[in-house]
Amino acid sequence: MNNSKQTTNQNNCIIFGNSDIGNFIIESLLNSNINYNITFLTEEQINTKFNNDINILFGNIYDPKILKNLDFSNTKLSICCSENTNLNILTASYMKSLKAENIFCCSYDTQYNNLLNSKNIITFNPWNIPNKLNSLWRT
Amino acid sequence: MIGANNISEQLIDWYSKYNHEITIIEKKLNKCHEFDQLYGPISQHGDATDLNIQKLSGMERADILIATTKSDSTNFVISALAKSNFKVDTIINRINNMNYAKAFEENGFNILINVESNVLQSIEQETSILAPWSIAKLKTNPSKEIIGIKINDDSNIIGKSISEIGFPSHSQLLLIIRSNGITDTPAEHKTIHPNDELIVLIQEGKKESMIEYLS
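Note that the coordinates shown come from a computational prediction; the quantities given were computed from them, not determined experimentally.

J.: So what's going on with the overall build of chain B? Residues and values would help.
T.: For chain B, the helix and strand inventory stands at eight helices and ten strands. For 215 residues, the compact-globule formula gives about 17 Å, and the C-alpha radius of gyration of chain B, at 22 Å, lies well above that figure. Dimensions of chain B along its principal axes, counting C-alpha atoms only, are 65 × 35 × 25 Å. Expressed as a percentage of the 215 residues in chain B, the buried residues total 25%. In chain B, of all internal contacts separated by at least 6 residues, the share reaching a separation of at least 24 is 49%.

In structure tokens form, the structure reads like this:
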């Protein structure tokens, strides 16, 4: 572990759903100079190089119970990035109802890009990661 | 309506009696043909989570959207698209997992139909001795609810008149259904008998205190 990394109790991140873009985001956050505490919710057993650096919660991602016990009030960033766009949209809205802030929702279809604007949820496409998100690992 | 299925079939029968314009959006072409043959040109073939399909279906003229697919996330996206792009007033959603209810409600999709809850409600009603069942929730301020309560043989209020019982201020007795099925309008002198069903208007959240009161 890099001791020069900045650590605060506000660096908790929740990543919902396993996908290429999710893995990319996790890797980027881990490689940044900030010490993020990442909780990753996934349905499948995964074996990645960062298995030991994140908390992995296995469960049915189609059942919101998996999110109910997480502490969103102490979470800096929540990202819904399963491979199912509809599920990401509903889950991001559900996270909002649990008082999560700074929510990002991955959509594989551009027609949904502004769908959750009124709820202050940023919808992004995997091929176009918004600055507000990638600035979290580029600082 | 989304999906050509048994629910939409029943609803078409019902709404067409009142001359409403109905459109069904359905993914399967053969289902569209089946419904068009039965009810005239009523179907829009396509995926309702696609904005263009919603446009083609005439969503901008819709007063009511009914989304009854088996997927909560599909229903949610359909509703969100229709609300944000076409300002549909009333959106009714089938919701399979009630844990998502808050997410639907916070996005303005307040009318949620949960099959499981409806089944439970029917069971509660059939086994209703001093377990009140909900009949309707009213959009009043404060929120009120109409409930039914079946009076047990050993309830303290048996043999008492309504004026003697003196219902709590947050409640109002609307109807008595006698054990032989005859309805009786409440009046101060009328008495409560075993197995009467009381239909009561209460403030939401006061169900438990009402049970205590009537037990």
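J.: Tell me about the overall build of chain A, and name the residues and values.
T.: When helices and strands are counted, chain A shows four helices and six strands. Its helices and strands in sequence order give chain A the pattern β-α-β-β-α-β-α-β-β-α, from N to C terminus. The globule rule puts the C-alpha radius of gyration for 139 residues at 14 Å, and the 14 Å found for chain A is close to it. If you line up chain A on its principal axes, its C-alpha atoms span 40 × 30 × 25 Å. Looking at the 139 residues of chain A, the share that counts as buried comes to 35%. Taking all contacts inside chain A whose residues are at least 6 apart in sequence as the whole, residues at least 24 apart take part in 54%.

J.: So what's going on with the interface of chain A and chain B? Residues and values would help.
T.: Each side of the interface is counted separately: chain A has 13 residues, and chain B has 17 residues. Among the elements that make up the side of chain A that touches chain B, the one with the highest residue count is helix 3 (residues 85-97) of chain A (eight residues). Of the residues that constitute the side of chain A that touches chain B, the class distribution is six nonpolar, four polar and three charged.

J.: Let's hear about helix 4 (residues 72-86) of chain B: which residues, and what values?
T.: For helix 4 of chain B, which comprises 15 residues, the first-to-last C-alpha distance of 21 Å matches the rise-based estimate of 21 Å (1.5 Å per residue) to within 8%. With respect to burial, helix 4 of chain B is a largely interior element, eleven of its 15 residues being buried. Next to the buried residues of helix 4 of chain B lie helix 3 of chain A together with helix 3 (51-56), strand 3 (64-67), strand 4 (90-94) and helix 5 (101-106) of chain B. Of the residues flanking the end of helix 4 of chain B, it is K87(B), one or two places downstream, whose phi is positive at about 50 degrees.

The rules we used
Residues numbered from 1 in each chain as written. Chains lettered and ligands numbered in written order. Predicted model: local features only at pLDDT ≥ 70, side-chain atom pairs only at ≥ 80, totals over all residues. Helix = DSSP H or I, 4+ residues; strand = E, 2+ residues; numbered from the N terminus. Rg over C-alpha atoms; globule rule 2.2 N^0.38 Å. Buried ≥ 20, exposed ≤ 12 C-beta atoms within 10 Å, placed from the backbone. Contact = placed C-beta atoms within 7 Å. Nonpolar A, V, L, I, M, F, W, Y, C, P; charged D, E, K, R; others polar. Expected span 1.5 Å × (residues − 1).

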